[in-house]
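In case you want the letters, here they are:
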Amino acid sequence: MQTRGVIYIHSSPLAVCPHVEWAIGRVLDGSVTVKLGWHQQDAERGTMRAERAWTGYAGMGAEFAKALAQWPMLRFEITEDPSAGVDGERIMHVPGRGVHRVAMSAGGDIMIAEDRIRALLATTTSAEALRGGLDQLLGLDWDRELEPYRQAAGGTEQSWLSQVS
């Protein structure tokens, strides 16, 4: 089942950039040479940013995230659009926080599973605890940390990566 998404590398040290490209290429099957078109990241001096749309099979976004999480200093975000029978996904990584992964609707909204909401309601004893639990489920801390990097990217031109079959 084919789907598509976007890889956002919000910040990477210059020396790690080639490793990021190799990791993405390995997920695409290893025969693809990936060049992301890096730009200076104005939100963090000495780092680079890049973004690239991709097409491939359902679940490929998680494989990209697993490959990129090997470098804990990276800030990245990966989206995967929903496809037939498969929810979309948004995966964020922030140094010191690790990975936050959440289902995403066709409209780009975060979807929280009923059982996770029920578990939160069953274990919280105050409105403040409920608010904190919902913030955690939504990935609010990751969003807050990534937002200055997203804003600094501006209107970056986008090209496509495709899995070779």
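Source: prediction; values computed, not measured. Every residue gets a number counted from 1 within its own chain, in the order that chain's sequence is written. Only residues with pLDDT of at least 70 get local features here, since the model is predicted, and only at 80 or more are side-chain atom pairs given and counted; chain-wide, interface and lining totals rely on the full set of residues. To get the side-chain values, all heavy atoms of the structure are used, and hydrogens and water are removed first.

Colleague: Let's hear about the environment of Ser 126: which residues, and what values?
Modeller: Numbering of helices and strands runs from the N terminus, with a helix taken as a DSSP run of H or I at least four residues long and a strand as a DSSP run of E at least two residues long. For Ser 126, the position within the fold is in the loop between helix 3 (114-123) and helix 4 (127-138). Among the residues examined, Ser 126 registers a relative accessible area of 36% and is labelled partly exposed. Sequence separation between Ser 126 and Gln 136 is ten residues, and the spatial gap between their C-alpha atoms is 15 Å. A polar side-chain atom of Ser 126 sits 3.1 Å from the main-chain amide nitrogen of Ala 129. Buried means the residue's accessible area, taken with a 1.4 Å probe over protein chains only, is under 20% of the maximum for its type, while exposed means over 50%, and partly exposed covers the values in between. Pairs of N or O atoms are called polar contacts if they sit within 3.5 Å, as long as, within protein, a hydrogen donor faces a hydrogen acceptor (for residues adjacent in sequence, only side-chain-to-side-chain pairs).

Colleague: Outline the side chain of Thr 79, supporting the account with residue identities and numerical values.
Modeller: Note on placement: Thr 79 falls in strand 4 (residues 75-80). When residues no more than four places from it in sequence are discounted, the contact partners of Thr 79 are Arg 4, Gly 5, Val 6, Tyr 8, Trp 54, Glu 89, Arg 90 and Met 104. Should any heavy atoms of two residues lie within 4.5 Å, those residues are counted as being in contact.

Colleague: With reference to specific residues and values, describe the packing of helix 1 (residues 17-27) against helix 2 (residues 60-68).
Modeller: Note on definitions: angles span 0 to 180 degrees between N-to-C directions of axes, and those axes are lines fitted to C-alpha atoms, for helices only across the stretch in contact. Orientation of helix 1 relative to helix 2, taken along the N-to-C sense of each, is 145°, at an axis distance of 9 Å. When the axes of helix 1 and helix 2 are compared, the crossing they make is right-handed. Within the contact between the two elements, helix 1 uses Val 20, Ala 23, Ile 24 and Val 27 and helix 2 uses Met 60, Glu 63, Phe 64, Ala 67 and Leu 68. Ten residue types, Ala, Val, Leu, Ile, Met, Phe, Trp, Tyr, Cys and Pro, are classed as nonpolar, four, Asp, Glu, Lys and Arg, as charged, and the remainder, Gly among them, as polar. Considering only residue class, the contact of helix 1 with helix 2 consists of eight nonpolar, no polar and one charged. By the definition used in this description, the sense in which the near helix is turned from the far one sets the handedness, with an anticlockwise turn below a right angle giving left-handed and a clockwise turn giving right-handed.

Colleague: Outline the side chain of Ser 83, supporting the account with residue identities and numerical values.
Modeller: Note on placement: Ser 83 falls in the loop between strand 4 and strand 5 (88-94). Setting aside its immediate chain neighbours within four residues, Ser 83 contacts Met 1, Gln 2, Thr 3 and Ala 58.

Colleague: Can you tell me about the packing of aromatic side chains, naming the residues and giving the values?
Modeller: Two rings from Phe, Tyr or Trp (for Trp, the six-membered ring) form a pair when their centres are within 6.5 Å of each other. A pair whose planes differ by under 30 degrees is stacked, one over 60 is edge-to-face, and the rest are tilted. Enumeration according to the criterion identifies one aromatic pair in this entry. When the ring of Trp 54 is compared with that of Phe 64, the centres are 5.3 Å apart and the planes differ by 70°; the resulting orientation is edge-to-face. With a gap of ten residues between them, Trp 54 in strand 3 (residues 47-57) and Phe 64 in helix 2 connect regions that are remote in the sequence. Overall, Trp 54 belongs to the buried group, its relative accessible area being 0%. The exposure class assigned to Phe 64 is buried, which follows from its relative accessible area of 0%. Here Arg 97 stacks its cationic end above the ring of Trp 142, 5.8 Å away from the centre of that ring. Two conditions define a charge located above a ring, namely a distance within 6 Å from the ring centre to NZ of Lys or CZ of Arg, and an angle within 35 degrees of the ring normal.

Colleague: Tell me about empty space enclosed by the protein, and name the residues and values.
Modeller: Using only the protein atoms, space was sampled on a 1 Å grid; points where a 1.4 Å probe fits but cannot get out form cavities, open sets with protein on both sides within 12 Å along at least five of seven lines form pockets, and lining residues are those with an atom within 4 Å of a point. Grid points are joined across faces, edges and corners, and a volume is the space filled by probe spheres set on the points. In this structure the tally under the stated criterion is one cavity of 30 Å³ or more. Along the walls of the largest cavity sit ten residues, with Ile 9, Arg 49, Ala 50, Glu 51 and Ala 153 positioned nearest its centre. Where the lining of the largest cavity is concerned, the elements lending two or more residues are strand 1 (2-13), strand 3 and helix 5 (140-153). Here the residues of the lining of the largest cavity are counted per class, giving five nonpolar, three polar and two charged.

Colleague: Which residues make up the pairing of strand 4, and what values go with them?
Modeller: Counting buried positions along strand 4 yields six of six residues, so the element is predominantly enclosed. Residues Arg 75, Glu 77 and Thr 79 line one face of strand 4 and the alternating positions Phe 76, Ile 78 and Glu 80 line the opposite face, and both faces are buried. When DSSP locates at least two bridges between a pair of strands, those strands are taken to pair. Here strand 1 runs beside strand 4; their pairing, made up of six bridges, is antiparallel. Its bridge partner being in strand 4, Gly 5 is matched across the sheet by Glu 80. Two strands pair when backbone bridges link them, and strand 4 and strand 5 are joined in this way by five bridges, in the antiparallel orientation. Looking across to strand 5, one finds that Ile 78 is bridged to Ile 91.

Colleague: Which residues make up the nonpolar core, and what values do they have?
Modeller: The nonpolar core is taken to be a set of buried Ala, Val, Leu, Ile, Met, Phe, Trp, Tyr and Cys residues, with the residues joined through side-chain atoms within 4.5 Å. Membership of the largest hydrophobic core comes to 27 residues, with the highest contact counts inside it found for Val 20, Ile 24, Phe 64 and Leu 68. Here this core gets six residues from one element, more than from any other, and that element is helix 2. Leu 68 has contacts with Ile 7, Ile 9, Val 20, Ala 23, Ile 24, Leu 74, Phe 76 and Ile 78, leaving out every residue within four places of it along the chain.

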